[in-house]
Amino acid sequence: MEIEYAEYALVKECMENKGFSYWVGPVAGVDARKAGRYVIDDIAWARKYGYGRPFDEAAEKERSEHPNVRFPNALPRKDRIRYNTALNGDYDDVLSVDLPAGGAIETPRTGCWAGARTHLYGDLEGWFKARKTVTSLTPLYVPRILADKRMKKTVSAWSHCMKEAGRPFSSPDEIREKRAANTAGMSSPEAQAYEVDLAVAEATCAVKTNLGKTARRLEREHRSALLKKYGKENAAYQRMGLAALSRARNLTGE
């Protein structure tokens, strides 16, 4: 989070130097970052947030009401184009990285975001390549986790526990796939109440069966095995991340 705040501060300074207003944030908090996990095994978190609907609704509100959205939308078209170019850079001048699972991803070399990341990480191209390589391995190792006999056994135990609790779901994935359909037509408070009850049941069974611990252990195991193939990129990602954290703390005075 410290790096994200520093990025925003640098972008704000850059945009103001170009004659535009810009606001720091929003940056997701610790609780918000727990939403979207494969399985919930924190009963207190589940009882408070369910499946993270409060965070979803807050993010949706920010997408339409945050000053960084409202300000450029209120500009004349010509100035809005200038604003977007100043912030995000020129999409005719981009860095491109081939992803381990296939395909490629691009980012502009210019703009205030690029400048902020260059300041923090020192090498925008090296950081972008390392980060996108290391953080894009999920499609490669998740199928290995789900096919692992240890995972299958634990998911089966979890499913049996859920069935006994009156929640017949075969896996946490099934709950997430049916989340929208199961709450269709409900008001926000009704949907949240339903999801809290279900999330508490999921978390209770995850604790009883150690599903969360098993999933995290297998993720470390399979991801680490895969990272050996990308050792150079992983080392660069870790090294530049530590350097960025140090620079971020210098900026914020911490």
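What you are looking at is a predicted structure, and each value in this text was computed from that prediction instead of being measured.

Thresholds applied
- Residues numbered from 1 in each chain as written.
- Predicted model: local features only at pLDDT ≥ 70, side-chain atom pairs only at ≥ 80, totals over all residues.
- Heavy atoms only, no water.
- Phe/Tyr/Trp six-rings, centres within 6.5 Å; stacked < 30°, edge-to-face > 60°.
- Helix = DSSP H or I, 4+ residues; strand = E, 2+ residues; numbered from the N terminus.
- Buried < 20%, exposed > 50% of the residue type's maximum accessible area, 1.4 Å probe, protein only.
- Pairing = 2+ DSSP bridges.

A word on the packing of aromatic side chains. All told, the structure shown has eight aromatic pairs when counted by the stated rule. Judged by centre distance (5.3 Å) and plane angle (50°), the rings of Trp-45 and Tyr-49 are tilted. With Trp-45 and Tyr-49 both in helix H2 (residues 43-49), this residue pair falls four residues apart, about one helical turn. With respect to class, Trp-45 is no different from Tyr-49; both count as buried. By relative accessible area, which is 11% here, Tyr-49 ends up buried. Here the aromatic cluster, defined as three or more aromatic residues joined through ring pairs, consists of Phe-20, Trp-23, Phe-71 and Tyr-83.

This paragraph deals with the pairing of strand S1 (residues 94-98). Burial along S1 is one-sided: the face carrying Leu-95 and Val-97 is buried and the face carrying Val-94, Ser-96 and Asp-98 is not. Sheet analysis places S1 next to strand S2 (residues 104-108), joined by five bridges and oriented antiparallel. In the sheet register, Ser-96 faces S2, and the bridge partner there is Glu-106. Hairpin connection of S1 to S2: five residues between the antiparallel strands, including Gly-102 at a positive phi of 110°.

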